[in-house]
Amino acid sequence: MPRSIRVLVDDKGNLWAVQGPSDAGARGLIQKGEDFPGFVVKDLSGQFFFYKEHIGPKAKYKHTAILFSFCQYDCKACRKEAPELEKTLSKFRDRGLVMYMVNVGEDEATARKLSGELKLTFPFLVDRYGVLWKLVGGTAAPLNVLIASGGKGQYVRPGFSEEKAEELRAVVQESTGV
């Protein structure tokens, strides 16, 4: 059964992604080859990020792969991983890789503070209520989820180590056709 979410607009006009009727997170981490669910979240500039505009047959933007790295402010491993993510993006950006840091369970001010401290060149998305986190089955940050151009999971790994950073680069290389 596919993972699903619905989108709601609150009384202030904010758009929120809300987990669907089934508890998708209880199914565990999204798996390689599994369709990645569509979602909508805001970035730190206040713009909406519509996943389906970036991946899939009707995508407005053409990327070979998207990497979502889920993080939290107090996560030491997330901070250690950040420079490795920059290296990966730098190496594969010209091959169509795009990357988003997804701040989980924290407000926009905290996400903005983390963004400023990490000084990353890629955008931050804010998953304040952890909806996307639950949808992908997240349990520990950092969590990296690589989605190939067809919208299928290619790589899903929690935690950080030098070995995982190299493993991620190898999978990105394969996914971007380098």
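A quick note: this is a predicted structure, and the numbers were derived from the prediction, not measured.

**Quick notes on empty space enclosed by the protein**
In step 1: What the rule picks out here adds up to 1 cavity of 30 Å³ or more.
In step 2: By volume, the largest cavity is sized at about 70 Å³.
In step 3: For the lining of the largest cavity, the elements supplying multiple residues, two or more each, are α1 (76-92), β9 (153-158) and α4 (162-175).
In step 4: Here the lining of the largest cavity is built from residues that sort into 5 nonpolar, 3 polar and 5 charged.

**Quick word on helix α2 (residues 108-118)**
In step 1: The set of residues buried in α2 consists of A111, L114 and L118. With its buried residues spanning 65° around the axis, α2 presents them on a single face.
In step 2: Looking at the packing, one finds that the buried side of α2 touches β5 (65-71), α1, β6 (97-104) and β7 (124-127).
In step 3: Taking the backbone nitrogen of A109 as reference, a side-chain oxygen 3.3 Å away marks D107 as the first, capping residue of α2.
In step 4: Positioned one or two residues after α2, K119 has a phi angle of 55°, which is positive.

**Considering the confidence of the model for the protein chain**
In step 1: A residue-level look at the protein chain finds 84% of positions with pLDDT of 70 or above and a mean pLDDT of 83.
In step 2: In this model residues 3-26 is a low-confidence stretch, pLDDT under 50, and it forms 54 contacts with partners more than four residues away in sequence or in other chains.

**Thoughts on the side chain of E84**
In step 1: For E84, the position within the fold is in helix α1.
In step 2: For E84, the side chain forms a polar contact with the side chain of K87, separated by 3.2 Å.
In step 3: E84 has contacts with F160, E162, A165 and R169, leaving out every residue within four places of it along the chain.

The rules behind the values
Residues numbered from 1 in each chain as written. Predicted model: local features only at pLDDT ≥ 70, side-chain atom pairs only at ≥ 80, totals over all residues. Heavy atoms only, no water. 1 Å grid on protein atoms, 1.4 Å probe; cavity = no way out; pocket = protein on both sides within 12 Å on 5 of 7 lines; lining within 4 Å. Points joined across faces, edges and corners; volume = space filled by probe spheres on them. Helix = DSSP H or I, 4+ residues; strand = E, 2+ residues; numbered from the N terminus. Nonpolar A, V, L, I, M, F, W, Y, C, P; charged D, E, K, R; others polar. Buried < 20%, exposed > 50% of the residue type's maximum accessible area, 1.4 Å probe, protein only. Arc of directions from axis to C-beta. Contact = heavy atoms within 4.5 Å. Polar contact = N/O pair within 3.5 Å; in protein donor to acceptor, adjacent residues only side chain to side chain. pLDDT = per-residue confidence, 0-100.

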